Amino acid sequence: MANERTFSILKPDATRRNITGAVNAVIEAAGLRIVAQRRIRMTREQAEKFYEVHKERPFFGELVEFMTSGPVVVQVLEGENAVAKYREVMGATNPAQAADGTIRKQFAESVGENTVHGSDSADNAKIEIAQFFTDADIAA
Ligand code: RTP
Ligand code: MG
């Protein structure tokens, strides 16, 4: 599989606990390169649009509240098979089910406050990257 890009968010529980560097160290140790990165405060509109696929789910309101509760770090990661690789490095959505060594196993507090987001397909990665970055923001 050729070089690929995925979209990542270090969520508010990561910025609150000052562990963004520790999470980035796991990302880089896995061979993924951080080719764009910005710390932002997500607006309600951005969070609702970003998680639109989940809008009918019971946790949607809580999710939007959480994602706007503090700063996040939005990132573009690049590497071989980056989408699948980052999902593997992140671990299961519920940290109780996440494999040893994964970011969520090491750092996540709960299924809601689970430290990181990663795109679930190459098509969604393109859509998500475009919501936060232009080509000029990415230095590969
Ligand atoms: P993400 O989109 O953030 O990378 O996480 P994911 O693919 O592993 O999980 P997904 O099913 O897409 O859910 C998106 C985010 O919603 C929150 N969530 N809360 N309270 C709950 O039962 C629940 N379920 C999901 C999590 O923050 C999850 O990452
Ligand atoms: Mg998801």
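Residues numbered from 1 in each chain as written. Chains lettered and ligands numbered in written order. Predicted model: local features only at pLDDT ≥ 70, side-chain atom pairs only at ≥ 80, totals over all residues. Heavy atoms only, no water.

> Can you break down unusual backbone geometry residue by residue, with the values?
In this model, Asn18 sits at a positive phi of 60 degrees, which is unusual for a non-glycine residue. Looking at the secondary structure, you find Asn18 in the loop between α1 (12-16) and α2 (20-29). With a phi close to 55 degrees, Asn81 is a non-glycine residue in the positive phi region. The residue Asn81 is located in the loop between β3 (72-80) and α5 (82-90) in this model. By relative accessible area, which is 33% here, Asn81 ends up partly exposed. (Helix = DSSP H or I, 4+ residues; strand = E, 2+ residues; numbered from the N terminus. Buried < 20%, exposed > 50% of the residue type's maximum accessible area, 1.4 Å probe, protein only.)

> Can you explain the packing of aromatic side chains? Please cite residues and give values.
The tally for this structure, following the rule as stated, stands at five aromatic pairs. Considering the side-chain rings of Phe50 and Phe132, the 6.0 Å spacing of their centres and the 65 degrees angle between planes classify their relative orientation as edge-to-face. Residue Phe50 is located in helix α3 (residues 44-50), and its partner Phe132 is located in helix α7 (residues 122-132); the two are separated by 82 residues in the primary sequence. Owing to a relative accessible area of 8%, Phe50 belongs among the buried residues under this scheme. Given the relative accessible area of 6%, Phe132 is considered buried. What links up through ring pairs into an aromatic cluster is the set Phe7, Phe50, Tyr51, Phe132 and Phe133. (Phe/Tyr/Trp six-rings, centres within 6.5 Å; stacked < 30°, edge-to-face > 60°.)

> For the environment of Ser121, give the residues involved together with the corresponding values.
Note on placement: Ser121 falls in the loop between β4 (116-118) and α7. In this structure Ser121 comes out as partly exposed when scored by relative accessible area, which is 25%. Spatially, the C-alpha atoms of Ser121 and Ala136 are 23 Å apart, while their sequence positions differ by 15 residues. A distance of 3.0 Å separates a polar side-chain atom of Ser121 from the backbone nitrogen of Asn124. (Polar contact = N/O pair within 3.5 Å; in protein donor to acceptor, adjacent residues only side chain to side chain.)

> Can you break down the site of ligand 1 residue by residue, with the values?
Around ligand 1 lies a shell of 14 residues, among which Lys11, His54, Thr93, Asn114 and His117 are the nearest. One nitrogen or oxygen atom from the side chain of His54 is found 3.0 Å from an oxygen atom belonging to ligand 1. Arg104 is positioned such that a nitrogen or oxygen atom in its side chain is 3.2 Å from an oxygen atom of ligand 1. Protein burial of ligand 1: of its 570 Å² of free accessible surface, 81% is covered by the chains. Every element with two or more residues in the shell around ligand 1 is listed here: α5 and β4. In the shell around ligand 1, the residues fall into five nonpolar, six polar and three charged. (Near = heavy atom within 4 Å. Areas by Shrake-Rupley, 256 points an atom, 1.4 Å probe, with all protein chains shown as cover. Nonpolar A, V, L, I, M, F, W, Y, C, P; charged D, E, K, R; others polar.)

> Quick one: what's the story with helix α4 (residues 60-67), residue by residue and with numbers?
Inspection of α4 places Phe60, Leu63, Val64, Phe66 and Met67 among the buried residues, and these make up the whole buried set. The buried residues of α4 occupy an angular sector of 160 degrees when the element is viewed end-on, so they sit on one face. On its buried face, α4 is in contact with β1 (3-10), α1, α3 and β3. (Arc of directions from axis to C-beta. Contact = heavy atoms within 4.5 Å.)

> Give a description of the sheet that holds strand β2 (residues 33-40) that names residues and reports values.
One open sheet accounts for four strands, arranged β2-β3-β1-β4; its pairing is antiparallel. Pairing within the sheet leaves two strands with one partner each, and these edge strands are β2 and β4. Neighbour-to-neighbour, the strand axes of the sheet open up by a mean angle of 20 degrees, direction not taken into account. In the sheet, β2 pairs with β3 via seven bridges, with the strands oriented antiparallel. Paired with Ile34 across the strands is Leu77, a residue of β3. (Pairing = 2+ DSSP bridges. Axes fitted to C-alpha atoms, helices over the stretch in contact; angles between N-to-C directions.)

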